[in-house]
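# Structure at a glance
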Amino acid sequence: MIKIHDLYFKPFLTATQISDAVNNLAYQLNRDLADKKPVFLGILNGSYMVMADLTRKFNHDCEIAFLRASSYEGTSSTGELVETLNVDIDLTDRTVVIVEDIVDTGLTVDMLSRKLLKHNPTALHVATLFLKPEVYNRELKIDFVGLNIENKFVVGYGMDYDNLGRNLPELYVQTQRMKNIVLFGPPGAGKGTQAERLKEKYGLVHISTGDVFRYNIKNGTELGTLAKSFMDKGNLVPDEVTIKMLNAEVEKTPDAAGFIFDGFPRTDAQAKALDELLASKGSEIAGMVALEVDDEVLVERLLERGKASGRADDASEGVIRDRIAVYYKQTAPLKDYYTAQDKYHGVDGVGALDEITARLSVEFDKL
Ligand code: AMP
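No experiment lies behind these values; they were computed from the predicted model shown.

The rules behind each value
Residues numbered from 1 in each chain as written. Predicted model: local features only at pLDDT ≥ 70, side-chain atom pairs only at ≥ 80, totals over all residues. Heavy atoms only, no water. Buried < 20%, exposed > 50% of the residue type's maximum accessible area, 1.4 Å probe, protein only. Helix = DSSP H or I, 4+ residues; strand = E, 2+ residues; numbered from the N terminus. Arc of directions from axis to C-beta. Contact = heavy atoms within 4.5 Å. Salt bridge = Lys/Arg side-chain N within 4 Å of Asp/Glu carboxyl O. Pairing = 2+ DSSP bridges. Axes fitted to C-alpha atoms, helices over the stretch in contact; angles between N-to-C directions. UniProt positions renumbered as here; feature names shortened; annotations may be inferred. Polar contact = N/O pair within 3.5 Å; in protein donor to acceptor, adjacent residues only side chain to side chain. Phe/Tyr/Trp six-rings, centres within 6.5 Å; stacked < 30°, edge-to-face > 60°.

Right, let's talk about helix H5 (residues 209-218) for a bit. Every buried residue of H5 is listed here: Thr209, Gly210, Val212, Phe213 and Asn216. Looking down the long axis of H5, one finds its buried residues gathered within 165° of arc, a one-sided arrangement. Exposed and facing more than 90 degrees away from the buried side of H5 are Tyr215 and Lys218. Among the structural elements, strand E13 (205-208), helix H6 (222-231), helix H7 (239-251) and strand E14 (259-262) are those in contact with the buried residues of H5. Once H5 ends, the next one or two residues include Gly220, with phi positive near 60°.

It is worth spelling out the pattern of salt bridges at this point. Scanning the model with the defined rule gives 28 salt bridges in all. The salt bridge involving Asp160 is made with Arg166; its shortest N-O contact spans 3.4 Å. Here Asp160 and Arg166 have matching classes, each one buried. When the shortest N-O distance is used, the salt bridge between Arg321 and Glu317 registers 3.1 Å. Of this pair, Arg321 and Glu317 both sit in helix H10 (residues 317-331), 4 residues apart, roughly one helical turn. Shared partners join several salt bridges into a network, and the residues in it are Arg305, Arg311, Asp313, Asp314 and Arg323.

On to the sheet that holds strand E15 (residues 285-292), then. On the basis of which strands lie adjacent, the open sheet formed by 5 strands has the order E13-E14-E12-E15-E16 and parallel pairing. In the strand order of this sheet, the two ends are held by E13 and strand E16 (344-348), each with one partner. Recorded for the sheet is a direction-independent mean angle of 20° between the axes of neighbouring strands. Where E15 and E16 come together, 5 bridges link them in parallel fashion. Each residue of the ladder has a partner; that of Ala290, found in E16, is Gly346.

Okay, the UniProt feature "binding site: ATP" (unreviewed entry) in the chain next. If you check UniProt for "binding site: ATP" (unreviewed entry), the listed places come out as Gly188, Ala189, Gly190, Lys191, Gly192, Thr193, Arg305 and Gly351 in our numbering. As for its position among the elements, Lys191 is in helix H4 (residues 191-202). Residue class for Lys191 comes out buried when judged on its relative accessible area of 9%. Setting aside residues no more than four positions away along its own chain, Lys191 makes contact with Leu183, Phe184, Gly185, Pro186, Asp262, Gly263 and Leu291. A distance of 3.0 Å separates the side chain of Lys191 from the backbone oxygen of Gly185, its partner in a polar contact. Relative to the elements of secondary structure, Arg305 occurs in helix H9 (residues 295-309). Relative accessible area serves as the criterion here: at 32%, Arg305 is assigned to the partly exposed category. In this structure Arg305 touches Gly310, Arg311, Asp314 and Arg323, once residues within four positions along its chain are discounted.

A full pass over the atoms with the stated rule returns 9 aromatic pairs. Taken together, a centroid distance of 6.2 Å and an interplanar angle of 50° make the contact between Phe9 and Tyr161 tilted. You can see Phe9 sitting in strand E2 (residues 7-13) and its partner Tyr161 sitting in the loop between strand E10 (154-155) and strand E11 (171-175), a full 152 residues away along the chain. Each member of the pair Phe9 and Tyr161 is classed as buried. Judged by centre distance (5.3 Å) and plane angle (75°), the rings of Tyr327 and Tyr328 are edge-to-face. Take Tyr327: its relative accessible area is 11%, and that puts it in the buried class.

In structure tokens, the structure reads:
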């Protein structure tokens, strides 16, 4: 996810997919206009990238010119043609191809084609790299289309949002701000169980560092072997290792609507690293939602879980009490870190599963 001005955008088309669309457009132009010596008329500013790539793939004589025209400001249509420049080529009796980066309602291209027809070209065509068929509502025929896309606001590959984003080689689509939540609480508070429910409800990606470590242990990876030596004793895996792993997990879903972090951060250094990682994506932690449960309830719950799951660190009361102690020493202070930012929200973690999900949802809804 990236942030441009006040809006958030997520990856939509890769540079390769864009290149395929350009090739498709070039194929059609080569096929139909080979002997027409067309004038390709790029509409500035947006079409500068597609003009450069497309005309290089036109294998016949052609001329190139540019017009400046737009009928929108920001992300919405204003309904009038903002500006035009004179073309320095005589278009009379020529085959003219208006080249657009994108056509949505068709307002710009429609108004422009009316103006250009006054120059009496032999033929006037419209070629656009992207078309939004859902919203295109003009009589004017769009003769050549590289790719149809859905009706979403896009930036990149020449297209901007308030003048930024044109230089991006990929296409991005507008999206909601990421909702990143730290689900907090001592071992046995029910974070994992509740995160599974909440991720469905809110469309978020659940990352449990404990689960990732256990997966690595099960698969005998180097990371697993390292983590196991700490986990078996109820200690924390070193920050450097955990932070690196967490970053890699986040990078696996670049277009996530947000994350539920479960079991991370557990130290001050991890909390800071998480802030940095999210800031690099133009995002942040929306809030820490904590399940509050008494220690004796935790010990009871974890011993029960150990019987059912066979988790080594849940099997002995000694290790369980060590983990709770580690929690109070190293992890619980994070409550202050998020409280200082006005981001801490505590929830009673004792009761029926549905009740607790409902309590957590009240907090999630506010974030
Ligand atoms: P959990 O499943 O969250 O209870 O984690 C089980 C164990 O994995 C912990 O007791 C730690 O040894 C290790 N672990 C999980 N998350 C972290 C973390 N953020 N930092 C350090 N160690 C962790």
